[in-house]
Amino acid sequence: MKTYQQRTTVSLFARTRVGWASLAVVFCLGGSTDISVAATSNIVGHYPIQVPAGNSAWVSGLVCADVFEGAAVSVTADTDGKALVTFESPGWTGTQFPLHYAEPQTGSASGLAIDILSTSASTLKLDATPAEAGLSAGMVFIVRKHVTLAGILPTGGGLIPFSDSVSLITGPGTQASYFYHGTSQKWITAQGADANNVKIRPGQGLIIQAGSAVTLVIGRGDACYVKATPTRVRLSAGVSNLVGALNPLGSTTTLGALGLGSGLQPFNDSIVVLNPGPLSQSGTYLSNGANLINSGGQNANGTALPTGASVVVNVDTAKSMVLAPVQVAP
Amino acid sequence: MRPTLILASWLAFACVSPVLAGGVTLTTVGGKKFAKSNGQLVAEGCLIRVGTFDLPPATREATLRDTADYAKLKSWFRPLGESIQGAGTKQQVASVDAKMRVNHFPTEGEVFGVISDIQTTYLPPGAPLYVWVFDAETAETSEEWGIFTAESWLAPQSLAMRALGTTGEVEPLQGQEQGEQLRLAAPPLTYGNWAMRRFAGDPDQAKAEFNADPDGDGLHNLAEYAWRLDPKVRDQSLANLAPPVASSRAAFSFKVPKGLTDVTVVAESSPDLRVWSAAATEITATDDQFDTHTTTAPAGATTVFWRVRFVSTVAP
């Protein structure tokens, strides 16, 4: 049985409406008032996506466990300019985070997954300069392992080995496809190399090509945690960026719920929704500065979008944008 | 003496009398001695506090008998003096000139000390006094304590001295009397007692808050306490998810502590992250410290989420 680390969140029941409603929270004991407090662990679970025959665009709505959270005591630049983020007695080993990223919780890069390049006893070297990511001492970082192909579909998930594929955009204008090797039970590249640890970044879309319709269950691997905080994604200019919300709920969502509208340059940047199967464009939407609009200029915030689906975002200038988090009741 | 001089003298006395104060003497010499629960006499330098507890008189002693949490007891305690290293330091809160004049142990297990200048505005005459004895130099490093009182242990009148002795009847509110000893007792584990000891001496007491996560392992102190983990060491969760496989449903397991009365640990499940309900569980394993509870996804459920909820009460 695989063990997943749980993160706890807390609430002071005496101060929350939900707390008041759910518990008799305050009582008197000998003239003193006690306070009922609660902490909840991080949320784990699984959900299905209905993958049709053909090509369809998806996103992992779950992430891996938080393995560290702490405030940086210093942020400096290494000789190559990359950020060195130091923590006070973090208690990790120097080689602990080979597939991990650090996510700032505040600042201009809050919610952005920044790859960890190397680790020492108390310092993370991140794949960003302090200036470009706005990193500074005192900022809180969460460290997680990236979702990987093996982490999201550990047994192929029901895709047909050597036939069905998962494709990722690996850079501006480049794409790589991966297949499940049924015999070795590994994901492989088109050249047969081990692709189990290929990273799928938070919010990064993936295209699944399936010979026949199949139901995939997301959450069977180590990517089984709900992320309830905003996620920032980097978008490249002049190419198709495939992104989607980290929303594991099994109901239809909307374009507006992605939270991207305010980050789009009005009447310029666009969101393209794809038709599952042929992967053709089913609609293109712009922002008017306040709402997403369709080609007729009508408000398109409520346009239905299958949960778990990703969309194409086209931008003229490279930027980062924030995907809205799924809402979780306390 | 002329009447005016008499009047002047009387007025002068009347003006200063409110600030004249009494004192108490604490002594176990010739009486029952303080000892640990195993009978070992308390060593010199152990913390001894004298004071009262700000609780309703009608329920004060019952409350003191029933309350094991240090933070609660401390929040009610109005100190008169305490034996600390460097005795003589002012310890009487809000008093202008209260001192622990003398504090030493004539022999092991015996206590002698004088607290003088007790202001009646701080502690009214006749207020019941309590002696709170620890088996270490600080509450944070102690493993046992006892709270004792006696009918005659009352705050003194102005200018009067009151002896708090143990030759007569002494009532152990926490601890017990055994033979010629007043024995301390190990208090039950509560969140407050756990946090006090785990963060003893830490200048940043915010780390001891129930919602703090000083080791950054994702488990807040309340979870660390319930799962008997070290809040200063990165730990793994004691909950895990066995994902669904072809022939079985997903199962969520978590540890429920034994012997902790001030915290409950339950699993909640939800199909939509909005409506959470207590998950029905069964005990699938047990050991000295924990029961392992397991809950499985409902039949036919394709989307299920779980979390562990820890609920406790803490002193304000």
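The structure displayed is predicted, hence computed values, not measured ones.

## Observations concerning the overall build of chain A
Alright, step 1. Check the secondary structure of chain A and you find 3 helices and 27 strands.
Alright, step 2. In chain A, buried positions account for 52% of the 330 residues.
Alright, step 3. Put simply, of all contacts in chain A between residues at least 6 apart along the chain, 71% involve residues at least 24 apart.
Alright, step 4. In the form shown here, chain A has an accessible surface area of approximately 13100 Å², with 53% of it arising from carbon and sulfur atoms.

## Let's talk about the overall build of chain B
Alright, step 1. Counting secondary structure elements, chain B contains 5 helices and 19 strands.
Alright, step 2. Here chain B holds 316 residues, and 51% of them are scored as buried.
Alright, step 3. At a minimum sequence separation of 6, the contacts of chain B that also span at least 24 residues come to 64%.
Alright, step 4. Accessible surface for chain B amounts to roughly 14100 Å². Of this, 55% is attributable to carbon and sulfur atoms.

## So, the pairing of strand β15 (residues 186–189) of chain A
Alright, step 1. When strand β14 (residues 174–181) of chain A meets β15 of chain A, the two strands line up antiparallel, connected through 4 bridges. The residue of β15 of chain A that forms the bridge with F179 of chain A is I188 of chain A.

## Let's talk about the sheet that holds strand β11 (residues 140–145) of chain A
All names here are of chain A.
Alright, step 1. Pairing in this closed barrel of 6 strands is antiparallel, and the strands run β6-β7-β10-β9-β8-β11 around the ring. Here the average twist between neighbouring strands, direction ignored, is 45°.
Alright, step 2. By the bridge criterion, 5 bridges tie strand β8 (residues 100–104) to β11 in an arrangement that is antiparallel. Paired with P104 across the two strands is F141, which belongs to β11.

## Thoughts on unusual backbone geometry
Apart from glycine, the bulk of residues carry a negative phi angle, and the bulk of peptide bonds sit in the trans form.
Alright, step 1. At S89 of chain A, a position not held by glycine, the phi torsion is positive, near 45°.
Alright, step 2. Assignment of secondary structure puts S89 of chain A in the loop between β7 (83–87) and β8.
Alright, step 3. In this model, L273 of chain B sits at a positive phi of 70°, which is unusual for a non-glycine residue.
Alright, step 4. Inspection of the secondary structure puts L273 of chain B in the loop between β15 (263–270) and β16 (277–278).
Alright, step 5. Its relative accessible area of 0% is what places L273 of chain B among the buried residues.

## Description of the nonpolar core
Alright, step 1. Counting residues in hydrophobic clusters, the biggest one holds 41 residues, and the most contacted among them are L222, W227, F252 and F310 of chain B.
Alright, step 2. Elements supplying a minimum of two residues to this core: β3 (32–41) of chain A together with α4 (191–198), α5 (221–226), β13 (239–242), β14 (251–257), β15 and β19 (304–314) of chain B.
Alright, step 3. Discounting chain neighbours no more than four positions away, the residues touching W227 of chain B are L219, S237, L238, A239, K255, V265, F290, V308 and F310 of chain B.
Alright, step 4. Core analysis: the next-biggest nonpolar cluster, separate from the first, contains 35 residues, V51, A195, V198 and V226 of chain A among them.

## Concerning the sheet that holds β13 of chain B
All names here are of chain B.
Alright, step 1. On the basis of which strands lie adjacent, the open sheet formed by 4 strands has the order β13-β14-β18-β17 and antiparallel pairing. Only two strands of the sheet have a single partner each, and these edge strands are β13 and β17 (282–286). Geometrically, the sheet is characterised by an average inter-axis angle of 25° between neighbouring strands, direction not taken into account.
Alright, step 2. With 4 bridges connecting them, β17 and strand β18 (residues 290–296) associate as antiparallel partners. Paired with A285 across the two strands is T292, which belongs to β18.

## A look at the pattern of salt bridges
Alright, step 1. The full count for this structure, using the stated rule, is 20 salt bridges over all chains.
Alright, step 2. In this structure, the salt-bridge partner of K207 of chain B is D202 of chain B, at a minimum N-O distance of 3.6 Å.
Alright, step 3. Its relative accessible area of 31% is what places K207 of chain B among the partly exposed residues.
Alright, step 4. Residue class for D202 of chain B comes out buried when judged on its relative accessible area of 13%.
Alright, step 5. Salt bridges sharing partners connect three or more residues here, namely D66, E103, R144 and K227 of chain A.

## A look at the state of the cysteines
Residues and elements named next belong to chain A.
Alright, step 1. On inspection of all chains with the given rule, the structure shows 0 disulfides over all chains.
Alright, step 2. This cysteine, C224, is not joined by any disulfide, and C64 carries the nearest cysteine sulfur, 7.7 Å off.
Alright, step 3. In this structure C224 comes out as buried when scored by relative accessible area, which is 0%.

How each quantity is defined
- Residues numbered from 1 in each chain as written.
- Chains lettered and ligands numbered in written order.
- Predicted model: local features only at pLDDT ≥ 70, side-chain atom pairs only at ≥ 80, totals over all residues.
- Heavy atoms only, no water.
- Helix = DSSP H or I, 4+ residues; strand = E, 2+ residues; numbered from the N terminus.
- Buried < 20%, exposed > 50% of the residue type's maximum accessible area, 1.4 Å probe, protein only.
- Contact = heavy atoms within 4.5 Å.
- Areas by Shrake-Rupley, 256 points an atom, 1.4 Å probe, with all protein chains shown as cover.
- Pairing = 2+ DSSP bridges.
- Axes fitted to C-alpha atoms, helices over the stretch in contact; angles between N-to-C directions.
- Core = buried A, V, L, I, M, F, W, Y, C linked by side-chain atoms within 4.5 Å.
- Salt bridge = Lys/Arg side-chain N within 4 Å of Asp/Glu carboxyl O.
- Disulfide = S-S within 2.5 Å.

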